[in-house]
Amino acid sequence: MDKHTEITNALTEKDVPDEGRRNMMKLTGASMVALGVASLTSGKAFASSIKLNNDWDKKFAKSDKVDHKKITFKNRYGITLAADLYQPKNASGKLPAIVVGGPFGAVKEQSSGLYAQIMAERGFVTLAFDPSYTGESGGEPRNIASPDINTEDFSAAVDCIGMQGNVDRERIGMIGICGWGGMALNAVAVDKRVKAVVASTMYDMTRVMSKGYNDSVTLAQRTQGLEQLSQQRWEDAGNAAPAYQAPYNVLKGGEPQFMVDYHDYYMTPRGYHPRAVNSGNAWSQTTPLSFMNMPLLTYISEISPRPVLFIHGEKAHSLYMGKTAYENAAEPKEMMIIPGASHVDLYDQVDVIPFDKLTSFFKQHLA
């Protein structure tokens, strides 16, 4: 597609606004704790008994070209995950399949479900899932994340989709969006069943939680953050429940543009969903701990010889993370930059998300 261009140059610090660097960690748990600006809320507000909602409560219209049903499956840790299975209508024989996850802090009723439904319209069996501890999936306490468990969630989704009678197990792909782009790459590095992977508008959550945006957190700031997180464990242990950060994506004025973009998606009718962490809820205070001590993409080169496609917006504040991942991945690899697109544009703007490219990529590599 002519509006897309490939890139090879590295992002420099000047590509991220000063204001964004000053506010580098308002978005993620690490810096909110590191800089002492997160407020506590009661963990009880997030207590939940998991029940599947059979209403169509998604942020996109239901397609008449696919069959849809909700399913559940367990990951290797015994946590029950909830998912939406999309299948092209009137298809026959064994089909290629794609599992989809993300963004970080979202639910399957948002971006991952949109990607999954559109790719099902194009001939793939697809599955969009809620990660452990979020959405309709199981796990207590609520609204916590783990680079290990959430990587496992992707492989458990592969288990599930490969058990469908009309799926060819030798033709399974994966799409990770935003923070789940890094998780998907981590999963595919060890899960050799996956034949091709796409990271769309990706974050490396371990990098941004450890180092801040554009790697701006100093060792002293990191140490201070870990001191506070360590002390928070005493508080949580004493209360027998985790404390939570301040509600996400509530604007107070003066935020950098990327935070306004997040608000415009997660807190307006465009993308708001009450079960999403990012829609006015929050991760636990101590969620950053495991991310700050476990680099996700250490073995990204081991995805090869399976192909990787990186898709990013030209104006995305997260672009530098995608570029680094691209540089560290081994061939075959490809990076597509969408001119003029922001990070959030690739969540739901169907005229911006390169679905033709996604389709050709998977048709070629899941042939």
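Residues numbered from 1 in each chain as written. Predicted model: local features only at pLDDT ≥ 70, side-chain atom pairs only at ≥ 80, totals over all residues. Heavy atoms only, no water.

## Let's talk about the overall build of the chain
Point 1. Scanning the chain from terminus to terminus reveals 12 helices and 8 strands.
Point 2. For the chain, the proportion of its 367 residues judged to be buried stands at 59%.
Point 3. In the chain, once contacts between residues fewer than 6 apart in sequence are set aside, the share between residues at least 24 apart is 76%.
Point 4. On the chain, roughly 14800 Å² of surface is accessible, and the fraction owed to carbon and sulfur atoms is 50%. (Helix = DSSP H or I, 4+ residues; strand = E, 2+ residues; numbered from the N terminus. Buried < 20%, exposed > 50% of the residue type's maximum accessible area, 1.4 Å probe, protein only. Contact = heavy atoms within 4.5 Å. Areas by Shrake-Rupley, 256 points an atom, 1.4 Å probe, with all protein chains shown as cover.)

## Quick look at the environment of Leu319
Point 1. Looking at the secondary structure, you find Leu319 in helix H10 (residues 319-328).
Point 2. In this structure Leu319 comes out as buried when scored by relative accessible area, which is 6%.
Point 3. Sequence separation between Leu319 and Met202 is 117 residues; the distance between their C-alpha atoms is 7.8 Å.

## Structural notes on the environment of Lys89
Point 1. Position of Lys89 relative to the elements: it lies in the loop between strand E2 (80-88) and strand E3 (95-101).
Point 2. Separated by 22 residues in the primary sequence, Lys89 and Asp67 have C-alpha atoms spaced 5.8 Å apart.
Point 3. If we skip the residues at most four places from it in the chain, Lys89 touches Asp64, Lys65, Val66 and Asp67.

## Some words on helix H4 (residues 147-162)
Point 1. Between its first and last C-alpha, H4 extends 23 Å over 16 residues, near the 22 Å set by a 1.5 Å rise per residue.
Point 2. Within H4, 14 of the 16 residues are buried, which leaves it mostly tucked inside the rest of the structure. (Expected span 1.5 Å × (residues − 1).)

## So, the pattern of salt bridges
Side chains that differ in charge, positive against negative, can pair when their charged atoms come close.
Point 1. Counted under the stated rule, the structure contains 20 salt bridges.
Point 2. Lys70 serves as the salt-bridge partner of Glu109, at 4.0 Å between the closest nitrogen and oxygen. Residue Glu109 is found in the loop between E3 and helix H3 (111-121), and its partner Lys70 is found in strand E1 (residues 66-74); the two are separated by 39 residues along the sequence. Each of the two residues, Glu109 as well as Lys70, counts as buried. (Salt bridge = Lys/Arg side-chain N within 4 Å of Asp/Glu carboxyl O.)

## Notes on the sheet that holds strand E7 (residues 308-313)
Point 1. As summarised here, the arrangement of the 8 strands in space is E1-E2-E4-E3-E5-E6-E7-E8, forming an open sheet in which the pairing is mixed. Lying at the two open borders of the sheet, with one neighbouring strand each, are E1 and strand E8 (333-338). Going from strand to strand, the sheet's axes swing by 20 degrees on average, the running direction of each strand aside.
Point 2. Relative to E7, strand E6 (residues 194-200) is paired through 4 bridges, and the arrangement is parallel. Counted as the bridge partner of Val198 is Leu309 from E7.
Point 3. Contacting E1, E2, E3, strand E4 (125-129), strand E5 (167-177) and E6, H3 crosses the sheet at an angle of about 175 degrees to E4. (Pairing = 2+ DSSP bridges. Axes fitted to C-alpha atoms, helices over the stretch in contact; angles between N-to-C directions.)

## Section: the packing of aromatic side chains
Point 1. All told, the structure shown has 17 aromatic pairs when counted by the stated rule.
Point 2. Pairing Tyr203 with Tyr213 gives two aromatic rings, centres 5.9 Å apart and planes at 90 degrees, and the pair type is edge-to-face. Within this pair, whereas Tyr203 is found in the loop between E6 and helix H6 (205-211), its partner Tyr213 is found in the loop between H6 and helix H7 (219-239), the two being separated by 10 residues in sequence. Each member of the pair, Tyr203 as well as Tyr213, is classed as buried.
Point 3. With a centroid separation of 5.2 Å and an interplanar angle of 75 degrees, the aromatic rings of Phe361 and Phe362 are classed as edge-to-face.
Point 4. For Phe361, a relative accessible area of 4% translates into the label buried. (Phe/Tyr/Trp six-rings, centres within 6.5 Å; stacked < 30°, edge-to-face > 60°.)

## Focus: the pairing of E4
Residues in a regular strand project their side chains so that they alternate between the two faces of the sheet.
Point 1. In terms of burial, E4 is a largely internal element, 5 of the 5 residues being buried.
Point 2. The alternating pattern of E4 places Val125, Leu127 and Phe129 and Thr126 and Ala128 on opposite faces, both of which are buried.
Point 3. With 4 bridges joining them, E3 and E4 adopt parallel strand pairing. Bridge pairing links Val99 to Leu127 in E4.
Point 4. Running through H3, the crossover from E3 to the neighbouring parallel element E4 is right-handed. (Right-handed = clockwise from strand over helix to strand, strands pointing away.)

## Side note on helix H8 (residues 257-266)
Point 1. Counting buried residues in H8 gives 7 out of 10 residues, a clear majority hidden from the surface.
Point 2. Among the residues making up H8, those that are buried are Phe258, Met259, Asp261, Tyr262, His263, Tyr265 and Tyr266.

## Considering the nonpolar core
Point 1. Core analysis: the biggest nonpolar cluster contains 102 residues, and Leu127, Met174, Leu185, Phe310, Leu358 and Phe362 have the highest contact counts within it.
Point 2. Setting aside residues no more than four positions away along its own chain, Phe310 makes contact with Leu185, Ala199, Met202, Ile300, Gly322, Ala325, Tyr326, Ala329, Glu334, Met335 and Met336. (Core = buried A, V, L, I, M, F, W, Y, C linked by side-chain atoms within 4.5 Å.)

## Looking at the packing of H3 against helix H12 (residues 355-365)
Point 1. Close contact between H3 and H12 brings their axes to 11 Å; oriented N to C, the two are set at 60 degrees. By the angle between their axes, H3 is oblique relative to H12. Considering the relative orientation of H3 and H12, their crossing is right-handed. Taken together, the residues of H12 that come into contact with H3 (itself represented by Tyr115, Ile118 and Met119) are Phe355, Leu358, Thr359 and Phe362.
Point 2. For the contact of H3 with H12, a count of residues per class yields 6 nonpolar, 1 polar and no charged. (Parallel < 35°, antiparallel > 145°, perpendicular 65-115°, else oblique. Left-handed = near helix turned anticlockwise from the far one by under 90°. Nonpolar A, V, L, I, M, F, W, Y, C, P; charged D, E, K, R; others polar.)

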